[in-house]
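# Survey of secondary and tertiary structure
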Amino acid sequence: HLWGHGLNNVLQEALLMSYLAYVSNVSFVFEDYTWSHTPLPWTIHDFALRPARIPLNAIISGPTAGGPMPDGSDSPMAVSAQFYEHVCSGPGAKPYVLNSAFAPNDADGTAIIDWWSQQLASVSERCIEIDSTAHDIFDRFLFGGPRILTLWEPLTSSPILTEFAWSPLVQSAIIRNFALLQPHAVKDIYATSSPQPTLHGLLAVHLRRGDYKRHCPNLAKWGARYMGINQHPLLRDRFDPFPYANDSALNEDYYLSHCLPTTGEVVARLRTVKREYHTQSGRWLTRVYVMSNEWAWSIDDLRRALKEDGWEDVVSSIDLQLDAEQYYVSMAVDMAIAERAEVFVGNGFSSLSSNVVMLRMAKGMDVRSNRFL
């Protein structure tokens, strides 16, 4: 499985891998979220210690992480890598190895799933492994383009997403920050099943900073588009750089306004989203939750600007009160809050925003409540 990458790159692969196992009627083998294969429990990143591995069950629950399938389903449950090693590495055990070399990697999502499902169905051995040395089973080009949208209906209606939930650790962090999030009712923050709990009046916005200060100008040079899920035809906001194709400066400005917007651009964008949402729903958004890896001083500048623009309350990732365990799953806490927000404004180029949009739509939230910077 993918390792050494951001949580949402790993999560989108795990969800699709477990979906492939589900439609193929085999058990998915899930692994820890692994940043480093060092034998030590800690590694260094950005001049700070971070866990080399975090159990997947500390981040998510549901079928992908070994949770039960719905009542009446005969599909086998996912198992941990440790369990797989126990069962499939003993004397006489020899896993059957499939190779990715001839997989139709440039096909649409449905064709890729169908091909792999046929390969898995042809194997009678108890233990199966896939050698993806030649090519990733699901690569970044699939997740980053519209080919993945052919899987939308079967994926979002499958138990992989209908039974998806955040881990008890993540849920506990949300409950711990009850006062900060100001739910209208207790059920808006405690409920974990249908109907989808909603933090009414809250707009969550994803402001990716850090490496995006280098990444966003590169996206302009590459002519990149939004992540595949973020190109869903029902989503309102479209990204179209074509009018600026012959002017590199204007083209980069267009990309940066959507990928790395200034404080003024964020304020203007959220003002527009608030007004348009009131027009379509009759309800007013009053509070903002800023999910960001930005420096605290910059978030404070944005907080002041948003309040001056009429927002009643503005809180952010840095305002969360987290204990020592919750701290290391703080990105998942951010995502769980964004999933519950009445409106989400994401970064169309981000896998985090893409996963939040997917989960919100899969849980039946109004598609018009998903917007982009």
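The present account deals with the structure reproduced in this document.

Calculation rules
Residues numbered from 1 in each chain as written. Predicted model: local features only at pLDDT ≥ 70, side-chain atom pairs only at ≥ 80, totals over all residues. Heavy atoms only, no water. Disulfide = S-S within 2.5 Å. Salt bridge = Lys/Arg side-chain N within 4 Å of Asp/Glu carboxyl O. Helix = DSSP H or I, 4+ residues; strand = E, 2+ residues; numbered from the N terminus. Buried < 20%, exposed > 50% of the residue type's maximum accessible area, 1.4 Å probe, protein only. Pairing = 2+ DSSP bridges. Axes fitted to C-alpha atoms, helices over the stretch in contact; angles between N-to-C directions. Contact = heavy atoms within 4.5 Å. Core = buried A, V, L, I, M, F, W, Y, C linked by side-chain atoms within 4.5 Å. 1 Å grid on protein atoms, 1.4 Å probe; cavity = no way out; pocket = protein on both sides within 12 Å on 5 of 7 lines; lining within 4 Å. Points joined across faces, edges and corners; volume = space filled by probe spheres on them. Nonpolar A, V, L, I, M, F, W, Y, C, P; charged D, E, K, R; others polar. Parallel < 35°, antiparallel > 145°, perpendicular 65-115°, else oblique. Left-handed = near helix turned anticlockwise from the far one by under 90°. Patch = residues over 30% accessible without salt bridge, like charges linked within 9 Å, V, L, I, M, F, W, Y side chains within 5 Å. Areas by Shrake-Rupley, 256 points an atom, 1.4 Å probe, with all protein chains shown as cover.

This next bit is on the state of the cysteines. Think of a disulfide as a covalent bridge from one cysteine sulfur atom to another cysteine sulfur atom. Scanning all chains against the criterion turns up two disulfides. Shown here for the protein chain is a disulfide pattern of 1-2, 3-4, where each number marks a bonded cysteine counted in sequence order.

Right, let's get into the pattern of salt bridges. According to the stated counting rule, one finds 15 salt bridges in the structure shown. In this structure, D237 engages R371 in a salt bridge whose closest nitrogen and oxygen atoms are separated by 2.9 Å. In this pair, D237 is assigned in the loop between α10 (212–222) and α11 (248–259) and R371 in strand β15 (residues 370–372), connecting sequence segments 134 residues apart. Side by side, D237 and R371 carry an identical accessibility label, which is buried. Close ionic contact of D300 with R303 constitutes a salt bridge, the shortest N to O distance being 3.2 Å.

Here the focus is the sheet that holds strand β11 (residues 199–207). In sheet architecture, strand pairing relies on hydrogen bonds along the backbone and comes in two forms, parallel and antiparallel. One open sheet holds the five strands; their spatial order is β13-β12-β11-β14-β15, and the pairing between them is parallel. Each edge of the open sheet is held by one strand with a lone partner, namely β13 (313–316) and β15. For this sheet, the mean angle separating the axes of adjacent strands, direction not counted, is 25°. Alignment of β11 against strand β12 (residues 287–292), held across six bridges, turns out to be parallel. Each bridged residue has a counterpart across the sheet, and for A204 the counterpart in β12 is Y289. Against the sheet, helix α12 (residues 263–281) touches β11, β12, β14 (341–346) and β15, its axis set at about 140° to β14.

For the rest of this paragraph, the subject is the nonpolar core. Judged by nonpolar contacts, the single largest core of 85 residues is most densely connected at L16, F138, W166, Y289 and I337. The biggest single contributor to this core is helix α1 (residues 7–23), with nine residues. Here Y289 is in contact with L181, L202, L203, A204, V205, V315, S316, S317, L320, D334 and I337, once residues within four sequence places are set aside. Ranked by size, the runner-up nonpolar core spans 19 residues in total, among them V288, L302, L306 and V314.

Time to look at the layout of surface pockets. Each pocket or cavity is described by its volume, and for the second largest pocket that value is around 990 Å³. Mapped onto the lining of the second largest pocket, the elements with two or more residues apiece are α1, α2 (81–88) and β9 (128–131). Per-element tally for the lining of the second largest pocket: the top contributor is α2, with seven residues. Residue composition of the lining of the second largest pocket, grouped by class: 20 nonpolar, four polar and seven charged.

Turning our attention to the packing of α10 against α11. For the pair α10 and α11, interaxial distance at closest approach is 9 Å and the crossing angle is 135°. When the axis of α10 is compared with that of α11, the two are oblique. For the pair α10 and α11, the crossing hand works out as right-handed. When α10 is examined against α11, the residues Y212, C216, P217, L219 and A220 are found in contact with a partner set consisting of N251, E252, Y255, L256 and C259. For the contact of α10 with α11, the residue count by class is eight nonpolar, one polar and one charged.

It is worth spelling out empty space enclosed by the protein at this point. Across all of its chains, the model carries five cavities of 30 Å³ or more by this definition. Here the largest cavity is characterised by a volume of approximately 110 Å³. For the lining of the largest cavity, the elements supplying multiple residues, two or more each, are α1 and α15 (351–362). Considering only residue class, the lining of the largest cavity consists of nine nonpolar, three polar and no charged. Roughly 90 Å³ of internal volume is contained in the second largest cavity. Looking at the second largest cavity, the residues that line it are H1, L2, V10, E13, A14, F28, F30, E31, D32 and L56.

Where nonpolar side chains cluster on the molecular surface, the patch consists of W42, I44, L49, Y327 and Y328 and spans about 570 Å² of accessible area. Of the residues examined, W42 reaches a relative accessible area of 39% and is grouped as partly exposed.

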